[in-house]
Amino acid sequence: MTKVFALANQKGGVGKTTTAVNLGIGLVKEGKKVLLVDADAQGNLTDSLGYREPDSIPVSLATLLVKTMMEESYDSQEGILQHQEGVALIPGNIELSAVEVSLVNTMSRETILRSYIDQVKSDYDYVLIDCMPSLGMLTINALAAADSVIIPVQAHYLPAKGMAQLLQTIARVRRQINPKLALDGVLLTMVDSRTNFAKDIAHVLRHEYGDKLRVFQDEIPLSIRAAETSAKGKSIYAHDPNGQAAKAYMAFTKEVQRIGSERRQTRQHQAEHGR
Ligand SMILES: Nc1ncnc2c1ncn2[C@@H]1O[C@H](COP(=O)(O)OP(=O)(O)OP(=O)(O)O)[C@@H](O)[C@H]1O
Ligand SMILES: [Mg+2]
């Protein structure tokens, strides 16, 4: 069974894209098959994996979404790029802004991305969707397509208001479109160990949202090395394999897998015991 994650937060610059790269390639290191989907018109995920020239993107997610909307057929491999670190990528670019506008007047406008992913996901253990910093139509599509959401939060900014809005959006998608959508949790990123901000924020989130909101135990440290990776077109494991950020992203990758298998066991237990 393929598991689809959306990396979402309408606040910009919180580490969504960096986490998509390093969770994705972390899962590859764990022997999993992974597809990354760049659902952001900025195309940062595509850039940060080294696909910067227009020629390196023969077919983008925008084209595939338009084909899905038009019910045109395509090869399930179409547009999928193979990165040297073993991860597959559906690239995104500025064409996605036009697609987002045209989605508004489309039938099944919230579920076009889901229809597309349903057609290609069977080759993969994990699909990770990197969302743009907004709660617009493409992010709703990502939430509709996902089994679970991961919310990266920058650990020196108190996300109270934005977080409430994001959780409301997730709840609404769950009620109206995608009842199985889980919230695996908040990932604290860019944690500066010299300050207590991360602890304070984790505390506030736990206090305010209680059991509804898991904060991952593993945190990602503030790291120049992590910031450099996007320019290098590689993951933190290739750029600085022995550094703190690589260790943290690998520990986080294992935590994500552990939560997934715990959830499967709970479901199995409930099924076997009649609830
Ligand atoms: N652990 C880290 N330590 C230091 N810098 C980081 C870290 N993680 C990411 N960065 C840098 O912070 C910036 C924002 O990260 P990133 O692009 O992953 O965020 P984002 O949430 O995807 O942003 P956007 O909302 O624009 O899509 C980037 O320049 C990135 O290189
Ligand atoms: Mg991004």
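As recorded in an unreviewed UniProt entry, the chain goes by Sporulation initiation inhibitor Soj and comes from Paenibacillus silvae.

A. Looking closely at helix 8 (residues 197–209). An ideal rise of 1.5 Å per residue puts 18 Å on 13 residues; helix 8 measures up with 18 Å between its terminal C-alpha atoms. Looking one or two places after helix 8, you find Gly-210, whose phi comes out positive at around 50 degrees.

B. Geometry of the site of ligand 1. Around ligand 1 sit 19 residues in total, of which Lys-16, Thr-17, Thr-18, Pro-221 and Ser-223 are the nearest. A distance of 3.0 Å separates an oxygen atom of ligand 1 from a polar atom in the backbone of Gly-13. One of the backbone N or O atoms of Ser-223 is found 2.8 Å from a nitrogen atom in ligand 1. Elements with a minimum of two residues in the shell around ligand 1: helix 1 (16–29) and helix 9 (224–232). Among the residues making up the shell around ligand 1, the classes are represented as eight nonpolar, eight polar and three charged.

C. Molecular detail of the pairing of strand 2 (residues 34–39). Taken across its six residues, strand 2 has six buried, putting it largely inside the fold. Across six bridges, strand 2 lies against strand 5 (residues 126–131) in parallel orientation. By the bridge assignment, Leu-35 is partnered in strand 5 with Val-127. The pairing of strand 2 with strand 4 (residues 88–90) spans three bridges and is classified as parallel. Within the sheet, the bridge partner assigned to Leu-36 lies in strand 4 and is Leu-89.

D. Inspection of the packing of helix 1 against helix 11 (residues 244–272) at higher detail. Running from N to C, helix 1 and helix 11 cross one another at 70 degrees; their axes reach a closest spacing of 9 Å. Between helix 1 and helix 11, the crossing angle belongs to the class labelled roughly perpendicular. Side by side, helix 1 and helix 11 meet where Thr-18, Thr-19, Asn-22, Leu-23, Gly-26, Leu-27 and Lys-29 of the first sit next to Tyr-249, Met-250, Phe-252, Thr-253, Val-256 and Gln-257 of the second. For the contact of helix 1 with helix 11, the class distribution of residues is six nonpolar, six polar and one charged.

E. Broad picture of the sheet that holds strand 3 (residues 81–82). Spatially, the seven strands line up as an open sheet ordered 3-4-2-5-1-6-7, and their pairing is mixed. In this open sheet, the two strands that pair with only one neighbour each are strand 3 and strand 7 (182–189). As paired strands, strand 1 (residues 3–7) and strand 6 (residues 148–154) are joined by three bridges and run parallel to one another. Residue pairing across strands places Ala-6 opposite Val-149, the latter belonging to strand 6. Strands in contact with helix 11 are strand 1, strand 5, strand 6 and strand 7; relative to strand 7, the strand with the most contacts, it is inclined by about 165 degrees.

Conventions we followed
Residues numbered from 1 in each chain as written. Chains lettered and ligands numbered in written order. Predicted model: local features only at pLDDT ≥ 70, side-chain atom pairs only at ≥ 80, totals over all residues. Heavy atoms only, no water. Helix = DSSP H or I, 4+ residues; strand = E, 2+ residues; numbered from the N terminus. Expected span 1.5 Å × (residues − 1). Near = heavy atom within 4 Å. Polar contact = N/O pair within 3.5 Å; in protein donor to acceptor, adjacent residues only side chain to side chain. Nonpolar A, V, L, I, M, F, W, Y, C, P; charged D, E, K, R; others polar. Buried < 20%, exposed > 50% of the residue type's maximum accessible area, 1.4 Å probe, protein only. Pairing = 2+ DSSP bridges. Axes fitted to C-alpha atoms, helices over the stretch in contact; angles between N-to-C directions. Parallel < 35°, antiparallel > 145°, perpendicular 65-115°, else oblique. Contact = heavy atoms within 4.5 Å.

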